[in-house]
Amino acid sequence: MAAPAKIIIDTDPGQDDAAAIMLALASPDELDVVGITTVAGNVPLSLTSRNARIICELSGRPDVKVYAGAERPLVRALVTAEHVHGSTGLDGTVLAEPTMPLQDMHAVDFIVETLRAEPAGTVTLCTLGALTNIALALQKAPDIAGKVKELVMMGGGFFEGGNITPAAEFNIYVDPEAAGVVFKSGMPIVMMPLDVTHKVLTLKARVDRIRAIGRPAAVAMAEMLDFFERFDIEKYGSDGGPLHDPTVIAYLLRPALFSGRDCNVEIETESALTAGMTVVDWWQVTGRPHTAKVMKDVDADGFFDLLTERLARL
């Protein structure tokens with residue numbers, strides 16, 4: 001059996017981030033989570049750093065090291081999403097405060113040191129929030145762009161538009177300048193936009209399957225999803241809301257669940273109306289070089305089968 005792939009999860013938990021982290025930690029044969037780095041986004045940094053440790057402990061993995069990173073975007077004021085995720089970021093269930101420590105090293109230094117220490121092309125960056133930590137790492141150590149195996153990210157949208165403004169998806173909107181740095185870095189990027197995540201809906205039957213596992217982690221996840229989906233059910237009028245971030249981990253575990261194409265992606269940073277827009281050249285009309293593999297479709301039932309199977313292991 002091949003050695004598990006080394007990944008760093010950069011995150012701002014968030015209920016859907018929690019599902020992504022749990023999916024990764026439940027898959028040790030395939031994925032080696034060498035560290036989790038936190039960034040401000042869905043809620044401020046103190047809470048995202050707390051929440052990441054809570055999820056590690058809930059998953060039975062207090063050995064995973066968590067590193068706090070950027071508390072604000074590169075140049076903008078922080079925008080958060082308590083209106084979606086609740087005041088803690090993990091509202092919907094009762095969770096114990098974490099006992100595992102936060103590491104002393106800054107997340108950016110951990111990213112740089114890990115990528116420099118490991119053989120080139122062996123570490124994948126999994127980004128579930130704003131790209132601030134990755135941009136800061138690239139600014140500090142441009143050489144790491146050539147070390148990354150790939151960066152698999154949840155962010156952006158094209159045909160689906162935005163979810164925080166008409167044009168922008170939240171993770172990119174929080175720090176468009178950071179996204180611009182990352183997309184110009186030359187590292188291989190796989191992008192999970194709203195066009196994919198809006199197809200993986202937390203239908204009641206799917207959440208009930210997770211709840212029926214009966215183990216504490218799965219029950220807590222079902223309760224978090226009950227809370228999380230209420231916002232999107234009201235917004236989109238659907239049975240269940242999109243489960244964005246676990247698509248990143250599912251892609252690493254089951255890439256055949258997804259389909260897309262290589263595109264040029266540019267990040268809008270100047271316009272007040274469309275700041276944070278991911279301008280995806282899906283139809284290849286600009287002639288600009290490809291900068292990302294942009295996913296568009298997903299086998300939603302296969303995705304939830306995978307998620308449910310793995311949550312049953314925790």
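Residue numbers here run from 1 along each chain, matching the order of that chain's written sequence. For this predicted model, a pLDDT threshold of at least 70 governs which residues receive local features, and a threshold of 80 or more governs which side-chain atom pairs are given and counted, while totals over whole chains, interfaces and linings are taken from all residues. Hydrogens are left out, water is left out, and the side-chain values use all remaining heavy atoms of the structure.

A word on the overall build of the chain. Helix and strand content of the chain: twelve helices and ten strands. In terms of C-alpha radius of gyration, the chain reaches 18 Å, essentially the compact-globule figure of 20 Å for 314 residues. Exposure categories follow from relative accessible area, calculated using a 1.4 Å probe and restricted to protein chains: below 20% of the type maximum is buried, above 50% is exposed, and the middle band is partly exposed. Classification of the 314 residues of the chain by burial places 57% in the buried group. Contact definition: two residues touch when any of their heavy atoms are within 4.5 Å. When contacts within the chain are restricted to residue pairs at least 6 apart in sequence, those whose partners lie at least 24 apart make up 82%. Of the roughly 11800 Å² of accessible surface on the chain, 55% is carried by carbon and sulfur atoms. Charge separation in the chain, taken as the distance between the mean sites of 27 positive and 42 negative side-chain charges, equals 4 Å. The helix and strand labels rest on DSSP assignments: H or I over at least four residues marks a helix, E over at least two residues marks a strand, and numbering proceeds from the N terminus. Here the radius of gyration uses the C-alpha set of atoms, whereas the globule reference equals 2.2 Å times the residue count to the power 0.38. Note that accessible areas follow from Shrake-Rupley with a 1.4 Å probe, and for residues the cover is restricted to the protein chains shown. Only four residue types enter the charge count: Lys and Arg as positive, Asp and Glu as negative, with His and the chain ends excluded. In this description, the location of a charge corresponds to atom NZ of lysine, CZ of arginine, CG of aspartate or CD of glutamate.

For two strands to be treated as a pair, DSSP must find no fewer than two bridges joining them. Spatially, β3-β2-β1-β4-β5-β6-β10-β7 is the arrangement adopted by the eight strands of the open sheet, whose pairing is mixed. Taken across any chain shown, the strands that pair with only one partner, and hence form the sheet edges, are β3 (66–68) and β7 (258–263). Each adjacent strand pair in this sheet contributes to an overall mean axis angle of 25 degrees, direction not counted. Relative to β3, strand β2 (residues 31–38) is paired through three bridges, and the arrangement is parallel. Counted as the bridge partner of T38 is A68 from β3. Those strands touched by helix α1 (residues 15–25) are β1 (5–11) and β2, and its axis lies near 165 degrees from that of β1. Across the sheet, helix α11 (residues 246–253) lies against β1, β2, β4 (123–127), β5 (148–154), β6 (189–192), β7 and β10 (292–298), angled at about 140 degrees from β5, the strand it touches most. The axes used here are C-alpha line fits, helices contributing only the stretch in contact, and every angle between their N-to-C directions lies in the interval 0 to 180 degrees.

Okay, the nonpolar core next. Considering soluble globular proteins, one finds that nonpolar side chains tend to be buried as a cluster. Grouping buried Ala, Val, Leu, Ile, Met, Phe, Trp, Tyr and Cys residues that are joined through side-chain atoms within 4.5 Å yields what is termed a nonpolar core. I9, I36, M221, I249 and F258 are the most contacted members of the largest nonpolar core, which totals 64 residues. Not counting the four nearest positions on each side in its chain, F258 is found in contact with M192, V196, T247, A250, Y251, M295, D297 and V298.

Let's shift gears to α1. With eleven of its eleven residues buried, α1 lies for the most part within the structure. Burial in α1 covers these residues: Q15, D16, D17, A18, A19, A20, I21, M22, L23, A24 and L25.

Below, the discussion takes up the pairing of β6. Here β6 shows two buried faces, one formed by I189 and M191 and the other by V190 and M192. Where β5 and β6 come together, four bridges link them in parallel fashion. Bridge pairing in β6 places V152 opposite V190. In the sheet, β6 pairs with β10 via two bridges, with the strands oriented parallel. Bridge pairing in β10 links M191 to V294.

Within β2, six of the eight residues are buried, which leaves the element mostly enclosed by the surrounding structure. As paired elements, β1 and β2 share seven bridges and run parallel to each other. For I8, the partnering residue across the bridge sits in β2 and is G35. We call a crossover right-handed when, viewed with both strands directed away from the observer, the connection leading from the first strand over the helix to the second proceeds clockwise. Tracing the backbone out of β1, into α1 and back to the parallel element β2 gives a crossover that is right-handed. Chirality of the crossover, the property in question, places the unit of β2, helix α2 (residues 45–58) and β3 among those that are right-handed.

In this section: the packing of aromatic side chains. Here is the rule: rings of Phe, Tyr and Trp (six-membered ring for Trp) pair when centre to centre is within 6.5 Å. Planes less than 30 degrees apart are stacked, more than 60 are edge-to-face, and the remainder are tilted. Scanning all chains against the criterion turns up seven aromatic pairs. Between Y67 and F110, the aromatic rings sit 4.0 Å apart at their centres with planes inclined by 15 degrees, giving stacked as the arrangement. Note that Y67 is positioned in strand β3 and F110 in helix α4 (residues 107–117), a separation of 43 residues in sequence. On the basis of relative accessibility, which here comes to 7%, the residue F110 falls in the buried class. With 6.0 Å between their ring centres and 65 degrees between their planes, Y251 and F258 make a pair best called edge-to-face. F258 shares its class with Y251; the two are buried. By the ring-pair criterion, three or more aromatic residues cluster together here, those being F158, F159, W282 and W283.

One can describe the packing of α1 onto α2 by two numbers: an axis separation of 10 Å at closest approach and a directional angle of 40 degrees. Relative to α2, α1 is oriented oblique. For the element pair α1 and α2, the recorded crossing hand is right-handed. Across the interface between the two elements, A18, I21, M22 and L25 of α1 pack against I55, C56 and L58 of α2. Under this grouping Gly is polar, as are all residues other than the nonpolar Ala, Val, Leu, Ile, Met, Phe, Trp, Tyr, Cys and Pro and the charged Asp, Glu, Lys and Arg. Classifying every residue of the contact of α1 with α2 gives seven nonpolar, no polar and no charged. Angle categories are assigned with fixed cut-offs, so that under 35 degrees is roughly parallel, over 145 is roughly antiparallel, 65 to 115 is roughly perpendicular, and the rest are oblique. Here a crossing is called left-handed whenever its near helix is offset anticlockwise from the far helix by less than a right angle, and right-handed whenever the offset is clockwise.

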